[in-house]
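Descriptive structure summary
Below are the chains, spelled out letter by letter.
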Amino acid sequence: DTRIVEKEYKLQPNYYESEDTDNLYAYCMERSTVLIRRHGRFGMIVPVGVLGLDNSISIRKQLTKNYPLSYCSTYSVRPSKLFEGVDQRLCIYLGKKDGEDSTIYTTQYGRWNVDERPSLFSKITYQESLSHKRLNRIPQLGNKNALGILSKLEKQNQKLIKNFYSPSSVGYLMHYHRSPNYWIRAMDFEPYFKSPTKTRSNHHFRDLYFTDKYSGKVLGAILNSTLFFYWFIAIGNGRNVTGTDVEEFPVGDIKDAAMEELPKIFDRLMKEYKDNSQIRVRKDTELQEFQPGLSKPSIDEIDRALARHYGLSDEELDFIINSDVKYRMGVSALGEEE
C-alpha cells in the first residue's frame, strides 16, 4: 500500500530537507521492490521522467533488477491530460516480480484529444524496448519502426553533437528553445525580447557554440528536424530538452553527401521563422513568437536528407514525418510561446 510507504518516507531524517514529489515517488517505488512478495505484481503512476531523466538512473536500475517483466505506458499533458487537474507527464509502470530474463515493454509517448479519451487505453500498443545502454535510459517506443529508427541512429554514435562543440564561448552560435510543446527550434539569431527587468528569456533559451559555420548549420538543421524531436520524446522526459539530450545525439560523418544540402535548407528555415513570426506583448514584456508548423515542408526536407544519411527505410521516414502530426500541426496557427 503506497500510503504506508509514504508514511515511512515522511519519517525519514532528511524528509523536510528533500520534500519534493520526485523523491517521494522514487522512495515509494524503491521500498515497493523490498516489500512485494516473490510472485507479486507492482503498479504505480509516476512522472514519465522515471524512464528518461539522468537523476532517475538509480531507481531505473532498481526497478529493472527487481521486476524482470515490466510494462510502461506514457502520457503527455497536451493536448489532454491523463487526469484533469494533474499537470504532469505520467508513466503507468507495471512490474512482475518473478522471471528470469529482464524484458521491458513500452508504448509510444501518448497524445490525444479530449474526444479520444474513451478509446485511449484500448489503442495503446507495446514494443519490447531494450535499455539504451549508452544513456542508461528506457526508450518509449510502441512499435517496430521506433525501435528500428533508434537502432540506426545508434550506429552513427562514433560522432555525437558534442564532438562539434567549440571548446570555448566562441565559434558559430546557435540558440535552442529548451521547453518545447510540439516543436524544437534552434536558430542562429536571438529572438526579439524586451523587458524592463531582463535582457532575454534566460529560462527557456540555451546557447551552443560550434567549431565552424558548416557544422553549426548542419547541426542546427538536425535540431529543428522531426527526427530530433522524436529522439527527444523517445529518450527524454517530454518536458525539457536537457544538455544530454542534445550533446549525445549521434550524427556520424557530417560531410556525408546527404548532409551537404542541410546548410541551404537551414538558411531557408531561418528566413521562414523570421517571416512567419510576430511580436507579442505580455504585461510589460515584448517577445517574438514563432509558428514553426508553417515551415513543416522545409523541416520535412531536412528529415528526408537525414533519412538518407541514417539509412532509414521509406516506412521509417514516413513514421518520422507523420509522428504526432495532427497534434503538432493543430497548433501551427497558434505559435509556440517563448
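Residue positions are given per chain, counted from 1 along the sequence in the order it is written. Since the coordinates come from a predicted model, pLDDT governs what is reported: local features require at least 70, and pairs of side-chain atoms require 80 or more to be given and counted, while whole-chain, interface and lining totals use all residues. As a rule here, side-chain values come from all non-hydrogen atoms in the structure, and water together with hydrogens is ignored.

**As for the sheet that holds strand β9 (residues 205-210)**
Two strands qualify as a pair provided DSSP detects at least 2 bridges between them. Under the DSSP-based scheme used, a helix requires at least four consecutive residues in state H or I and a strand at least two consecutive residues in state E, with every element numbered from the N terminus. The strand order across the open sheet formed by 3 strands is β7-β6-β9, and the pairing between neighbours is antiparallel. Strands with a single pairing partner mark the edges of an open sheet, and in this sheet they are β7 (186-187) and β9. Sheet topology places strand β6 (residues 172-177) next to β7; 2 bridges connect them, and they run antiparallel. When the bridges of β7 are listed, H175 appears paired with M187. The contact rule is simple, with two residues in contact once any of their heavy atoms fall within 4.5 Å. Helix axes are fitted to C-alpha atoms over the stretch in contact, other axes to C-alpha atoms as well, and angles between N-to-C directions run from 0 to 180 degrees. Sitting on the sheet, helix α6 (residues 213-224) is in contact with β6, β7 and β9, with an inclination near 10° to β6.

**Overview of the packing of helix α9 (residues 262-275) against helix α10 (residues 296-310)**
The contact between α9 and α10 brings their axes to 10 Å, and the two run at 160°. Here α10 runs roughly antiparallel to α9, going by the angle between their axes. The two elements α9 and α10 cross, and the hand of that crossing is left-handed. Along its contact with α9, which presents L262, I265, R268, L269, E272 and Y273, the element α10 presents S298, I299, E301, I302, A305 and L306. Grouping the constituent residues of the contact of α9 with α10 by class yields 8 nonpolar, 1 polar and 3 charged. Here the angle decides the label: under 35 degrees means roughly parallel, over 145 means roughly antiparallel, 65 to 115 means roughly perpendicular, and every other value means oblique. Crossings are sorted by hand: turned counterclockwise from the far helix by less than a right angle, the near helix makes the crossing left-handed, and turned clockwise it makes it right-handed. Throughout this entry, Asp, Glu, Lys and Arg are counted as charged residues, while Ala, Val, Leu, Ile, Met, Phe, Trp, Tyr, Cys and Pro are counted as nonpolar. The remaining residues, Gly among them, count as polar.

**Describing the environment of L219**
With respect to the helices and strands, the residue L219 is situated in helix α6. Each residue is assigned to one of three classes by its accessible area relative to the maximum for its type, calculated with a 1.4 Å probe on protein chains only: buried under 20%, partly exposed between the two thresholds, exposed over 50%. The class for L219 is buried, based on a relative accessible area of 0%. Residues L219 and I254, 35 residues apart in the sequence, show an inter-C-alpha distance of 8.5 Å. Look past the residues within four positions of L219 in its chain and what remains in contact with it is I161, F164, F210 and V251.

**Regarding helix α11 (residues 314-321)**
Those residues of α11 that fall on the buried side of the exposure criterion are E316, L317, F319, I320 and I321. Next to the buried residues of α11 lie α5 (144-154), α7 (226-235), α10 and α12 (325-328).

**Focus on the nonpolar core**
Joining through side-chain atoms within 4.5 Å is the link that ties buried Ala, Val, Leu, Ile, Met, Phe, Trp, Tyr and Cys residues into a set, and such a set is a nonpolar core. Counting 67 residues, the largest nonpolar core has I222, L227, F228, F249, V251 and L262 as its most contacted members. Residue contributions to this core peak at 9 residues, all from α7. If sequence neighbours within four positions are ignored, F228 has contacts with I184, I222, L223, V241, D245, V246 and F249. In this structure, F42, V46, I104 and I138 belong to the second largest nonpolar core, which totals 17 residues.

**Section: unusual backbone geometry**
With an omega of 5°, the peptide bond between R78 and P79 qualifies as cis. Of note in the backbone geometry, N136 takes a positive phi value of approximately 55° without being a glycine. Inspection of the secondary structure puts N136 in the loop between β5 (127-128) and α5. Accessibility expressed as a relative area gives 35% for N136, which makes it partly exposed. With a phi angle near 55°, D324 is a residue other than glycine that sits in the positive phi range. Within the secondary structure, D324 is located in the loop between α11 and α12. D324 sits in the buried class, given a relative accessible area of 15%.

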